[in-house]
Amino acid sequence: MRLVLDCDTGIDDALALAYLSSLDHVQLEAVTSTPGNVDAEQVAVNNRALLALCGNPDIPVLIGEREPLEIPLVTTPETHGPQGVGYATLPEPADPMPTDFDAIDYWIEAARGNPGELTVLLTAPLTNFALALRREPRLPWLLRKVVIMGGAFYYQGNTTPTAEWNTHVDPHAAKEVFAAYKAAAEQGLDSSKLPIVCSLDTTERFEMQPDFLTKLSIEAGCAEPEIVQASDPEGTLSKSSNPLVRYLSDALRFYFEFHRQYDQGYIAHVHDFFAAGVAAGTLDYETRPATVDVETDSPLLFGTTVADFRGLWGKPANAQVVVANNPEAGFAELVQRLGALARKLNENS
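Residues numbered from 1 in each chain as written. Predicted model: local features only at pLDDT ≥ 70, side-chain atom pairs only at ≥ 80, totals over all residues. Heavy atoms only, no water.

With that settled, consider the overall build of the protein. When you go through the protein residue by residue, the secondary structure sums to 13 helices and 11 strands. Projecting the C-alpha coordinates of the protein onto the three principal axes gives extents of approximately 60 × 45 × 35 Å. Summarising the internal contacts of the protein: among those between residues at least 6 apart in sequence, 80% fall at separations of at least 24. One way to put it: in the protein the 24 positive side-chain charges average out to a point 5 Å from where the 48 negative ones average out. (Helix = DSSP H or I, 4+ residues; strand = E, 2+ residues; numbered from the N terminus. Contact = heavy atoms within 4.5 Å. Lys, Arg positive; Asp, Glu negative; His and termini not counted. Charge placed at Lys NZ, Arg CZ, Asp CG, Glu CD.)

The pairing of strands in a sheet happens through backbone hydrogen bonds and is either parallel or antiparallel. Judged by pairing direction, the sheet is mixed, and its 9 strands sit side by side in the order 3-2-1-4-5-6-11-9-10 without closing on themselves. If you trace the sheet from one side to the other, it starts and ends with strand 3 (61-63) and strand 10 (305-308), each paired once. Averaged over all neighbouring strand pairs, the angle between strand axes comes to 30°, with direction disregarded. Relative to strand 4 (residues 118-122), strand 1 (residues 2-7) runs parallel, the two being bridged by 5 bridges. Pairing of Val4 across the sheet is with Val120, part of strand 4. The strands that helix 12 (residues 271-280) touches are strand 1, strand 4, strand 5 (145-149), strand 6 (196-198), strand 9 (285-294) and strand 11 (319-325); relative to strand 5, the one it contacts most, it runs at about 170°. (Pairing = 2+ DSSP bridges. Axes fitted to C-alpha atoms, helices over the stretch in contact; angles between N-to-C directions.)

Take the pairing of strand 11 next. Residues in a regular strand project their side chains so that they alternate between the two faces of the sheet. Summarising burial for strand 11: 5 of the 7 residues are buried, a large majority. Pairing of strand 6 with strand 11 involves 2 bridges; the strand directions are parallel. For Ile196, the partnering residue across the bridge sits in strand 11 and is Gln320. Where strand 9 lies against strand 11, 6 bridges are found, and the strand directions are antiparallel. Looking at strand 11, one finds that Ala290 is bridged to Ala319. (Buried < 20%, exposed > 50% of the residue type's maximum accessible area, 1.4 Å probe, protein only.)

The amide bond that connects Thr9 to the next residue, Gly10, takes the cis arrangement and shows omega of 0°. With respect to the helices, strands and loops of the structure, Gly10 is situated in the loop between strand 1 and helix 1 (11-21). Residue Asp263 is not a glycine yet carries a positive backbone phi of 60°. Relative to the assigned elements, Asp263 resides in the loop between helix 11 (243-261) and strand 8 (268-269). Looking at Asp263, the relative accessible area reads 72%, which means it is exposed.

For the pair helix 1 and helix 2 (residues 40-53), interaxial distance at closest approach is 10 Å and the crossing angle is 35°. Read as a crossing pair, helix 1 and helix 2 show a hand that is right-handed. In this structure, helix 1 uses Ala14, Leu17, Ala18 and Ser21 to contact helix 2, whose residues at the interface are Asn47, Leu50 and Leu51. Tallied by class, the residues present in the contact of helix 1 with helix 2 amount to 5 nonpolar, 2 polar and no charged. (Left-handed = near helix turned anticlockwise from the far one by under 90°. Nonpolar A, V, L, I, M, F, W, Y, C, P; charged D, E, K, R; others polar.)

A separate point is helix 1. Structural remark: α-helix, 3.6 residues per turn; residues separated by three or four positions point the same way. Taken across its 11 residues, helix 1 has 11 buried, putting it largely inside the fold. Listed as buried for helix 1 are Ile11, Asp12, Asp13, Ala14, Leu15, Ala16, Leu17, Ala18, Tyr19, Leu20 and Ser21.

Opposite charge on two side chains allows them to pair when their charged atoms are near. Counted according to the given criterion, the structure contains 11 salt bridges. Across the salt bridge formed by Arg112 and Glu136, the nearest N and O atoms sit 2.8 Å from each other. Taken together, the residues span a long stretch of sequence, with Arg112 in helix 4 (residues 103-113) and Glu136 in the loop between helix 5 (127-135) and helix 6 (139-142) at a distance of 24 residues. Looking at Glu136, the relative accessible area reads 9%, which means it is buried. Notably, a salt bridge pairs Glu234 with Arg260, separated by 3.7 Å at the nearest N-O pair. Of this pair, Glu234 sits in the loop between helix 10 (211-219) and helix 11 while Arg260 is found in helix 11, placing the two residues 26 residues apart along the sequence. Connected through salt bridges with shared partners, the residues Arg2, Glu29 and Glu117 form a single ionic network. (Salt bridge = Lys/Arg side-chain N within 4 Å of Asp/Glu carboxyl O.)

This part takes up the packing of aromatic side chains. Applying the stated criterion to the full structure yields 11 aromatic pairs. Note on Tyr87 and Phe254: the rings are 5.1 Å apart at their centroids and 70° apart in plane angle, and the pair reads as edge-to-face. Of this pair, Tyr87 sits in the loop between helix 3 (77-80) and helix 4 while Phe254 is found in helix 11, placing the two residues 167 residues apart along the sequence. Owing to a relative accessible area of 24%, Tyr87 belongs among the partly exposed residues under this scheme. A residue is classified by how much of its surface remains accessible, and Phe254, at 13% relative accessible area, is buried. Seen from their ring centres, Phe206 and Phe274 are 5.1 Å apart, and the 25° between their planes marks the pair as stacked. Of the two residues, Phe206 sits in the loop between helix 9 (200-203) and strand 7 (207-208) while Phe274 sits in helix 12, which places them 68 residues apart along the sequence. Taken individually, Phe206 and Phe274 each receive the classification buried, so the pair is uniform in this respect. Of the aromatic side chains, those joined through ring pairs into one cluster are Tyr19, Phe206, Phe212, Phe273, Phe274 and Phe331. Just above the ring of Trp141 sits the side chain of Arg138; from NZ or CZ to the centre is 4.3 Å. (Phe/Tyr/Trp six-rings, centres within 6.5 Å; stacked < 30°, edge-to-face > 60°. Lys NZ or Arg CZ within 6 Å of the ring centre and 35° of its normal.)

In short, the description is geometric, and any link to function would need to be established separately.
Pasting the structure below:
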C-alpha cells in the first residue's frame with residue numbers, strides 16, 4: 001500500500017506515524033506537514049526526527065500552507081506540549097529539509113502520476129487537502145482511498161461543545177473538502193472513493209491506559225518493564241533503554257496528564273492511531289454513508305460538523321462515516337506492531 005500521511009504532529013499523530021512505520025505492507029511515500037497542534041515548521045521537525053528514529057530518514061517531509069484558509073492559526077501547547085510531542089525529545093536531523101518542493105504540488109503530481117494507487121491519510125486540519133482540491137478537482141478520482149480524522153456528529157466536541165479540534169482549526173478547509181466530494185458524487189464518483197471519516201464518535205473509544213506502555217516494553221524485549229502511573233510526579237521522564245519506547249512514553253505521559261486535568265481520567269484518546277489503522281486496512285470498522293457539511297458562519301456552532309444519514313437534505317452522500325470499531329483488538333495490534341519495531345530498532349542500534 002502506497003500511503004501519503006498529512007499530519008500536525010501532535011502526540012497521537014506521532015503514535016500513528018510510528019505505527020505506520022511498523023507495517024511491512026505500507027510504503028510511506030511522503031509525510032506532509034500542516035499547521036495545527038504546532039506550527040508547520042515544528043510539525044516538519046517532529047516528523048523528520050521520528051522518521052529517523054523509526055529507521056526511515058529518507059522519506060520526504062514536506063510543508064504546504066502555513067496558516068488556515070481564512071482565520072488565524074491557533075495551536076494547542078496545553079494539549080500536546082510546546083513542541084507538539086509532550087515531554088519527548090529527539091535530536092533534529094542534521095541535514096536541512098528540502099524547501100524547493102511544496103506539499104500541495106507533491107500531492108497533485110503524485111496523484112496524476114500514479115492514478116488509483118495512493119492512499120491519503122489526513123490527521124490534521126484539512127488546509128493542504130482543500131488547496132490541492134482547488135488546483136486539481138480530479139483528485140477524488142485519482143486517489144485510491146482517503147481517510148480523514150476529524151469531526152464530531154452525535155458526540156460532544158473536544159474544542160467547543162460541538163466542534164472537534166482538526167475541523168475547528170480550519171473549518172473553511174473542511175467545508176471545501178466535503179463540498180468538493182459532494183460535487184464529485186453528483187458527477188458519478190464511486191462510493192468506494194468517498195472519504196472515510198473517523199470522528200470523535202468512534203476515535204474516543206480508543207482510550208489508552210498507562211499499562212499500554214508496560215505491555216509495549218515487554219513486547220519490545222526491554223530488560224525493565226516501563227511503568228507509568230497516575231501517582232508519578234508530573235513530567236517524570238522515562239528511563240527505558242529502548243529509544244522508541246522512551247520516546248512514546250515521554251510523549252504519552254504528557255497526554256495522560258492533559259486528559260486528567262480535564263477530568264477524563266489518567267488516559268489518552270489516540271484518535272490518529274485508529275485512523276491510521278483504517279487507512280492501512282489493519283483495523284476493523286463499519287461505516288454509514290452520509291452527506292457531511294461544516295458550519296462556518298455561526299459563532300455558537302463554528303467548526304461543527306453535521307452529517308445527514310437519512311437524506312433529508314436531498315443531496316448525495318459525500319462521505320463514509322465510521323460508526324463502529326474494536327478498540328480492544330486495535331490496542332493488541334498496536335502493541336504487537338510497535339513492540340516488533342522497537343525490538344528491531346534496538347537490535348540495529
